[in-house]
Amino acid sequence: GLGLQLDYFKLGNDQIKENADDPNSGSVKRNIKSNIETLISNYTIYLDDINDEKAFSELGKTKLAEGIDNYFSQLIALYPDSNYSRMRNKAELMLKKCESNDIKSSLTKLIELIDSKKKEE
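I'm lost on helix α2 (residues 26–46) in this one. Help?
Side chains that are three or four residues apart share a direction in an α-helix, a result of its 3.6 residues per turn. Between its terminal C-alpha atoms α2 stretches 30 Å, which fits the 30 Å expected from 21 residues at 1.5 Å a residue. Where α2 is concerned, the buried positions are Val-28, Ile-32, Asn-35, Ile-36, Leu-39, Ile-40, Tyr-43, Thr-44 and Tyr-46. Buried residues along α2 sit in contact with α1 (2–19), α3 (58–78) and α4 (85–97).

What follows is the structure, encoded as structure tokens:
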């Protein structure tokens, strides 16, 4: 559902802007920022699945890693200026617990992507 959430939240935020009398008003910006924070939080929750890594088959672990690679990079590309510190912290914690090389690689790439956004600021 990560891809669906990206589309759903973007569509909702676009509609908020379209329907607002003043799309640049503080209340519109706060509402959109809140939606983006919720989306980032939902993605961070996805990382909790790594706690149950042993319950996944090898294919399941590969799919979990692919979800991180594909959808997290899309999220960060769509909202590059957002705060990903909680997500980064969660990824670091899961990296320490994780045993799967595929998942470790995906978490490392995620951390590096978040760090690269900080350097661009």
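Teacher, can you tell me more about the packing of aromatic side chains here?
Given two aromatic rings, one states the distance between the centres and the angle between the planes to describe the pair. Following the criterion strictly, the structure yields three aromatic pairs and no others. Between Tyr-43 and Phe-72, the aromatic rings sit 5.0 Å apart at their centres with planes inclined by 65°, giving edge-to-face as the arrangement. Residue Tyr-43 is found in helix α2, and its partner Phe-72 is found in helix α3; the two are separated by 29 residues along the sequence. For the pair Tyr-43 and Phe-72, a shared accessibility class is recorded, and that class is buried. Pairwise contacts between aromatic rings join Tyr-43, Tyr-46 and Phe-72 into one cluster.

So what exactly am I meant to see when it comes to the nonpolar core here?
Most often, soluble globular proteins keep nonpolar side chains buried together rather than apart. Counting residues in hydrophobic clusters, the biggest one holds 30 residues, and the most contacted among them are Leu-47, Ile-50, Phe-72, Leu-75, Met-87 and Leu-110. Those elements that provide at least two residues to this core are α1, α2, α3, α4 and α5 (101–120). For this core, the element with the highest residue contribution is α2, accounting for seven residues.

In this structure, what is going on with the pattern of salt bridges? I would like to understand it.
Charged atoms that come close allow side chains of opposite charge to pair. Summed over the entire model, instances satisfying the criterion amount to nine salt bridges. In this structure, Lys-54 engages Glu-99 in a salt bridge whose closest nitrogen and oxygen atoms are separated by 3.7 Å. Taken together, the residues Lys-54 in the loop between α2 and α3 and Glu-99 in the loop between α4 and α5 connect sequence positions 45 residues apart. Since its relative accessible area comes to 53%, Glu-99 is described here as exposed. Residue Glu-92 is joined to Arg-88 by a salt bridge in which the shortest nitrogen-to-oxygen separation is 2.5 Å. Here Glu-92 and its partner Arg-88 are both found in helix α4, four residues apart, which amounts to about one turn of the helix. Given a relative accessible area of 30%, Glu-92 falls into the partly exposed group. A residue is classified by how much of its surface remains accessible, and Arg-88, at 16% relative accessible area, is buried.

Conventions adopted
Residues numbered from 1 in each chain as written. Predicted model: local features only at pLDDT ≥ 70, side-chain atom pairs only at ≥ 80, totals over all residues. Heavy atoms only, no water. Helix = DSSP H or I, 4+ residues; strand = E, 2+ residues; numbered from the N terminus. Expected span 1.5 Å × (residues − 1). Buried < 20%, exposed > 50% of the residue type's maximum accessible area, 1.4 Å probe, protein only. Contact = heavy atoms within 4.5 Å. Phe/Tyr/Trp six-rings, centres within 6.5 Å; stacked < 30°, edge-to-face > 60°. Core = buried A, V, L, I, M, F, W, Y, C linked by side-chain atoms within 4.5 Å. Salt bridge = Lys/Arg side-chain N within 4 Å of Asp/Glu carboxyl O.

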